[in-house]
Amino acid sequence: MSDPVVIGVDQKIESRDLIVTRLDAAVDWCRKNSVWPMPMGLACCAIELMAAGASRFDIARFGAEVMRFSPRQSDLMIVAGTCVYKMAGVVKRVWDQMAEPKWCIAMGACASTGGMYRSYAVVQGVDRFLPVDVYISGCPPRPEALLEGLMALQRKIQQEAALKNMKRSDQRGGLYAMPQGPVIVRGEYAPQMGDRRLEIGGRK
Amino acid sequence: MTNLQSLITNLPGRLGEPVEFRGEVTVMVDRAKILDACRYLKEQCGFDMLTDIAGVDNYGEDPRYAVVYHVYSLPHRCMVRLKVAVPEDDMVVDSVVSVWRTADWHEREAFDMFGIRFRNHPNLKRILMWDGYPYHPLRKDFPLAGMETELPETAVGAGRVEAAPMLGGPFVTTPGAGTAARREPRQADTSAERADKKGAS
Ligand code: SF4
């Protein structure tokens, strides 16, 4: 029994088998595979967010395909785009309406740091008013980078002390172990313009 | 075109000769007569579409500001540009909403960005920045990075707008290898800034 067992969708659990695990691990496992995003699409990054939801990249593979436009039903706010001060109040209000446990991804340069908009109107990073869990670099990040960010978040969720946090609902993010603090995803994904692509387009 | 020339010669409040540059005609108009001029253009000359109203800050010149009207005539298929000089000590221009309703938002924008006030505008309030913002950010003497400002109602940085860190200008990076924190001084900067804040609170 001392060997760690990795549970996955590809393994069949026979009716007589017994799984022993921590309740925390089981709860975290459920949570991380059913993250419902709140798509806070504010600018061009939202286009890549939509692409990540569509069939080619298919965010459904990670259980996060249910984009909820109601904060009451969502667990993860993906801030995709440039946040101006005038919008910040709205974003904050939506965030406050989301039920715990909740997480936040800052997608792209603008949401992470203000990006190229060093200007009077743009909030220099949504972490000025939101607790960001994962930052994704890129302008815009490719959908692969968003998926990598989501996977990083899933790893982070898996580390959480779920039961402890239930009792202290005012406090977020109690972790058992690494990773501590925000995760920064540096996605460097160049488009592959190989032969295969052209064939798909039917133009070769 | 000769027709247009003769119409413009009779334009109320016209100052100086119309200037033609690459087929575009520009007329300076007396500030007190702009409403008459616009009404004349619309009612007598068939200029039925207001394309744009823009504020201009000619910083260092006198008069400092200007308002520019781009007017188009769909039946005649021609465009004319009116310019009104606005002195700094009396930044009021008559609103032309009564002539073209679309002027509403254009004038609000010019008010928001430059602080030019439009007399008899039905709803002259800010359109881009939030209500209560104390500056007019497209003025030339306003820093691009912004100024420290109170922010109503939101929790952004404890309700404050902070000037964006510029470090000599936008897009400051040092070329070459090394970590991003080293290449982008802004990034190193804010972390220090935030650590300070954490220490203080
Ligand atoms: S990071 Fe780039 S792509 Fe994303 S919102 Fe900002 S400017 Fe647009």
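Bear in mind the structure is a predicted one, so any value in this text is a computation, not a measurement. (Residues numbered from 1 in each chain as written. Chains lettered and ligands numbered in written order. Predicted model: local features only at pLDDT ≥ 70, side-chain atom pairs only at ≥ 80, totals over all residues. Heavy atoms only, no water.)

> How should the sheet that holds strand β1 (residues 37–41) of chain A be read in this particular structure?
Strand pairing in a sheet relies on backbone hydrogen bonds. The paired strands run either parallel or antiparallel. Residues and elements named next belong to chain A. The 5 strands are arranged β1-β2-β3-β4-β5 in an open sheet whose pairing can be described as parallel. A single partner strand is all that each edge strand has here, and the edge strands are β1 and β5 (183–185). Taking each pair of neighbouring strands and ignoring which way they run, the sheet shows an average axis angle of 15 degrees. Strand direction decides the pairing type here: strand β4 (residues 134–136) and β5, joined by 3 bridges, are parallel. Among the inter-strand pairings, Tyr135 is bridged to a residue of β5, identified as Ile184. (Pairing = 2+ DSSP bridges. Helix = DSSP H or I, 4+ residues; strand = E, 2+ residues; numbered from the N terminus. Axes fitted to C-alpha atoms, helices over the stretch in contact; angles between N-to-C directions.)

> In this structure, what is going on with the sheet that holds strand β2 (residues 24–29) of chain B? I would like to understand it.
Residue and element names in this part refer to chain B. Spatial ordering of the open sheet is given by β1-β2-β5-β4-β3, a layout of 5 strands whose pairing is mixed. Of all strands in the sheet, those with a lone pairing partner are β1 (14–21) and β3 (49–57), marking the two edges. For this sheet, the mean angle separating the axes of adjacent strands, direction not counted, is 20 degrees. Relative to β2, β1 runs antiparallel, the two sharing 5 bridges. Bridge pairing links Val19 to Thr26 in β2. Helix α2 (residues 34–45) rests against β2, β4 (65–73) and β5 (78–86) of the sheet, and its axis sits at about 170 degrees to β5. Helix-sheet contacts for helix α3 (residues 103–114) involve β3 and β4, and the interaxial angle to β3 is about 5 degrees. (Contact = heavy atoms within 4.5 Å.)

> In this structure, what is going on with unusual backbone geometry? I would like to understand it.
The general pattern is negative phi for most residues beyond glycine and trans for most peptide bonds. Of note, the bond from Glu100 of chain A into Pro101 of chain A is cis; its omega dihedral lies within 30 degrees of zero at -5 degrees. Following the sequence through the fold, Pro101 of chain A ends up in the loop between α3 (85–97) and β3 (103–107). Residue Pro140 of chain A follows Cys139 of chain A across a cis peptide bond; omega there is -10 degrees. When you line up the elements, Pro140 of chain A lands in the loop between β4 and α5 (143–158). Phi angles above zero are rare outside glycine, and Arg77 of chain B is one such case at about 50 degrees. Structurally, the position occupied by Arg77 of chain B is in the loop between β4 and β5. With phi around 65 degrees, Asn120 of chain B is a residue other than glycine that occupies positive phi space. Take Asn120 of chain B: it is sitting in the loop between β7 (117–119) and β8 (149–150).

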